[in-house]
Amino acid sequence: MSIRIQFQNVGMTFHTDQGALQVVDGVSFDIHDGEFICIVGPSGCGKTTLMNMLAGFVKPTTGQVLLDGRSIEGPGRDRGVIFQEYGVFPWLTVEENIMFGLQLNASQSASKDKKSICNKYLQLMGLQDFAHSYPKTLSGGMRQRLAIARAYATQPQLLLMDEPFGALDAQTRTKMQNLLLDVLQQEGKTVMMITHSVDEAIYLASKIVVVTARPSRIKEIIEVPFGYPRSESLHDDSRFISLKARLRELVMAEYEAQQMLSAPTHS
Ligand SMILES: Nc1ncnc2c1ncn2[C@@H]1O[C@H](COP(=O)(O)OP(=O)(O)O)[C@@H](O)[C@H]1O
Ligand SMILES: [Mg+2]
């Protein structure tokens, strides 16, 4: 498997009104073609910042992030991003939001194709009856599904997902996880996903990167011992259960460390 993404000794320091805030420190890891990486760590530790560097929205203050061997200079159509706060446009309808992403994608030419791709993902996300609705009239979960539909519809090689299923109820979440696995099975993508859920990380990922309390450093990289396709019965596998216990312990220690950081102005 070839290496697609390299975080090389990456650091990030923001300069805020309260002074310098170091958010990422000496992070190095690789993502190979076709891998599914989950980043797990406490809220406020720097996970979204890591993703923003890969998306090309911010540049690291030290080290570098490489995509196919080249330093990332900005956002690109090769990377589909699902933002933590959904990132849907309130002034466009559901259908227009999905079409917007497709419009940007020059490789998909005919507008008839765009329409049918749009319809396919509307269906998949259960939004077909809301095609002409505006995001403000949708529930949080529906807005999240819209953001997912928009990212999937452009069929990027790299999918960057920041807590994409966080606002969904348990049943919808399970459905979305399985749908994602199906989409990956069909379309073969490389994924970096941020999640709070230890269970979700093990069920979806091929590799889990556990990061520390702020500043984010690598605490441990765990290879998930299951192949694809996966099914829900995996949750009952004894290896799943023991890995979950171990991962939870790692993450809890960092949650506690993060809470000790008395920084009320930071999320
Ligand atoms: N552009 C920025 N300027 C200043 N501080 C920032 C900026 N972006 C993020 N931060 C701060 O960096 C820390 C980590 O943020 P973030 O990467 O969003 O964490 P996470 O996604 O793990 O919750 C937080 O304290 C946040 O307030
Ligand atoms: Mg975040």
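Quick note: structure is the one above.
Cut-offs used in this document
All residue numbers refer to position in the chain's written sequence, counted from 1. Each chain takes a letter, starting from A, and each ligand takes a number, starting from 1, following the order in which they are written. Given that the model is predicted, a residue must reach a pLDDT of at least 70 before its local features are reported, and side-chain atom pairs must reach 80 or more before they are shown or counted; all residues, however, enter totals for whole chains, interfaces and linings. With hydrogens and water set aside, each side-chain value is computed from the structure's full complement of heavy atoms. Each axis is a line fitted through C-alpha atoms, taken for helices only over the stretch in contact, and angles between the N-to-C directions span 0 to 180 degrees. Elements are defined by DSSP. Helices are runs of H or I of four residues or more, strands are runs of E of two residues or more, and each kind is numbered from the N terminus. Angle categories are assigned with fixed cut-offs, so that under 35 degrees is roughly parallel, over 145 is roughly antiparallel, 65 to 115 is roughly perpendicular, and the rest are oblique. When checking whether two residues touch, look at their non-hydrogen atoms; a contact exists if any pair is within 4.5 Å. We call a residue near a molecule or strand as soon as one heavy atom of that residue lies within 4 Å of the molecule or strand. Counted as a polar contact is a pair of N or O atoms within 3.5 Å, where, for protein atoms, one must be capable of donating a hydrogen and the other of accepting one, and residues adjacent in sequence contribute only when both atoms are in side chains. Note on residue classes: Ala, Val, Leu, Ile, Met, Phe, Trp, Tyr, Cys and Pro are nonpolar, Asp, Glu, Lys and Arg are charged, and everything else, Gly too, is polar. By this rule, a helix spans an expected 1.5 Å times one less than how many residues it contains. Burial here depends on accessible area, computed with a 1.4 Å probe over protein chains only, as a share of the maximum for the residue type. Under 20% is buried, over 50% is exposed, and the range in between is partly exposed. In this scheme, strands are said to pair when DSSP sees at least two bridges between them. Note on definitions: salt bridges are taken to be side-chain nitrogens of Lys or Arg within 4 Å of carboxyl oxygens of Asp or Glu.

Visitor: Sorry, what's going on with the packing of helix 4 (residues 140-153) against helix 5 (residues 170-187) here?
Guide: The angle between the axes and the distance between the axes are what describe a pair of packed helices. Helix 5 packs onto helix 4 with a crossing angle of 0 degrees between their chain directions and a minimal axis gap of 13 Å. Considered as vectors, helix 4 and helix 5 are oriented roughly parallel to each other. Together, Arg145, Ile148 and Tyr152 of helix 4 and Thr172, Met176, Leu180 and Val183 of helix 5 make up the contact between the two elements.

Visitor: Quick question: what am I supposed to make of the site of ligand 1 here?
Guide: Around ligand 1 sit 14 residues in total, of which Gly44, Gly46, Lys47, Thr48 and Thr49 are the nearest. Between ligand 1 and Gly44, the relevant distance is 2.6 Å, taken from an oxygen atom to a main-chain nitrogen or oxygen of the residue. Contacts to ligand 1 include Thr49, whose side-chain N or O atom sits 2.6 Å from an oxygen atom. Counting residues per element, the ones that place at least two in the shell around ligand 1 are strand 1 (3-16), strand 2 (19-32) and helix 1 (47-55). The element best represented in the shell around ligand 1 is helix 1, accounting for three residues. Residue composition of the shell around ligand 1, grouped by class: five nonpolar, seven polar and two charged.

Visitor: In this structure, what is going on with helix 4? I would like to understand it.
Guide: Side chains of residues three or four places apart in an α-helix project in the same direction, reflecting 3.6 residues per turn. Across its 14 residues, helix 4 extends 20 Å between first and last C-alpha, which sits within 8% of the 20 Å expected from 1.5 Å per residue. Within the sequence span of helix 4, burial applies to Gly141, Met142, Gln144, Arg145, Leu146, Ala147, Ile148, Ala149, Arg150, Ala151, Tyr152 and Ala153. Looking at the residues trailing helix 4, positive phi occurs at Gln155, about 45 degrees.

Visitor: Explanation requested: the sheet that holds strand 10 (residues 218-223) in the structure shown.
Guide: Remark on secondary structure: sheet strands pair via backbone hydrogen bonds, oriented parallel or antiparallel. Taken in spatial order, the six strands make up an open sheet running 6-7-8-3-9-10, and their pairing is mixed. Because the sheet does not close on itself, it has two edges, and the strands there are strand 6 (79-82) and strand 10. On average, adjacent strands in this sheet sit at an angle of 15 degrees to one another, irrespective of strand direction. Here four bridges tie strand 3 (residues 36-40) to strand 9 (residues 207-211), and the two strands are oriented parallel to one another.

Visitor: Please clarify how the pattern of salt bridges should be interpreted in this entry.
Guide: Under the counting rule described, the total for this entry stands at 13 salt bridges. Glu254 is the salt-bridge partner of Lys219, the closest N and O atoms lying 2.8 Å from each other. Of the two residues, Lys219 is situated in strand 10 and Glu254 in helix 7 (residues 238-260); the sequence distance between them amounts to 35 residues. A single salt-bridge network, built from bridges that share partners, covers Arg4, Asp33 and Asp68.

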